[in-house]
Amino acid sequence: MSNTDAADEPDADQSESITIYSDYVCPFCYLGRQSLARYQETRDEPLEIDWHPFDLRAGKRGPDGEIDHDADDGKDEAYYEQARENVRRLQEEYDADMAQELRTDVDSLPAQIVSVHVRETAPDAWLAFDEAVFAALWQDGRDIGDRDVLADIAEDVDGIDPAVVDEALDDDDLRDRVTDLFTAASERGVTGVPTFAYDGHAARGAVPPEQIQRLVEG
């Protein structure tokens, strides 16, 4: 999880959209979306979001896809305390409602699988679902890795049948495709999230609205 770095990494292919690589369990992804929302308020026409999922827990997944919480990922308590401090600072800066700074016990893979399915089957409802998943975790403290929680979220979003949750999570081919999307993000040079990309340039982290503006408007 990075929060302020900039980089020239992936491309955004559409001139009226901003590409975002993110993982729901990353607090900086949630905060980065608050920053993007502030920038969007300054625009006459909103940017569409070209979302690409990213798996922050990839290094701790076993062969069965489950997270091994005992696996050493090189992040000690000093790392997490610094991350918490950065979250608190940005939370105040963006006036963001958050129930906690970090959630290391939640697996976002189920939410990302469902989110990809919603984007493919009900694209007009995807953004509302995406925002509801972020809110469920970071504002309400709910476990978005839980099938029943995801069904509750889907039920509250107009244009989505809650059955999409079971459809998505029971689809092994979809799960494999989502895993391939994680791999594709890494192959494109994405090493941290959120990563915002536009017109061949990128900014990584929960950067301020002014930096997103410079990224998009030059």
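Let us look at the structure shown here. Model, not experiment: these values are computed from the prediction.

### A look at the packing of aromatic side chains
Enumeration according to the criterion identifies five aromatic pairs in this entry. On the basis of an interplanar angle of 85° and a centroid distance of 5.3 Å, the ring pair of tyrosine 79 and tyrosine 80 is categorised as edge-to-face. Look at tyrosine 79 and you get partly exposed, because its relative accessible area is 25%. Pairwise contacts between aromatic rings join Tyr24, Tyr30, Trp51, Trp126 and Phe134 into one cluster.

### Some words on the pairing of strand β5 (residues 201-204)
Bridge count for strand β4 (residues 195-198) against β5 is four bridges, and the pairing is antiparallel. In the strand pairing of β5, threonine 195 is matched with arginine 204. Linkage of β4 to β5, two consecutive antiparallel strands, is achieved through a turn of two residues, within which aspartate 199 is found at a positive phi near 50°.

### Description of the side chain of histidine 117
Mapped onto the fold, histidine 117 is located in helix α3 (residues 109-121). Look at histidine 117 and you get buried, because its relative accessible area is 13%. Those residues in contact with histidine 117 that lie beyond four places of it in its chain are Ala122, Val164, Glu167, Ala168 and Leu174.

Calculation criteria
- Residues numbered from 1 in each chain as written.
- Predicted model: local features only at pLDDT ≥ 70, side-chain atom pairs only at ≥ 80, totals over all residues.
- Heavy atoms only, no water.
- Phe/Tyr/Trp six-rings, centres within 6.5 Å; stacked < 30°, edge-to-face > 60°.
- Buried < 20%, exposed > 50% of the residue type's maximum accessible area, 1.4 Å probe, protein only.
- Pairing = 2+ DSSP bridges.
- Helix = DSSP H or I, 4+ residues; strand = E, 2+ residues; numbered from the N terminus.
- Contact = heavy atoms within 4.5 Å.

Treat this as a map of the structure, not an account of what it does.
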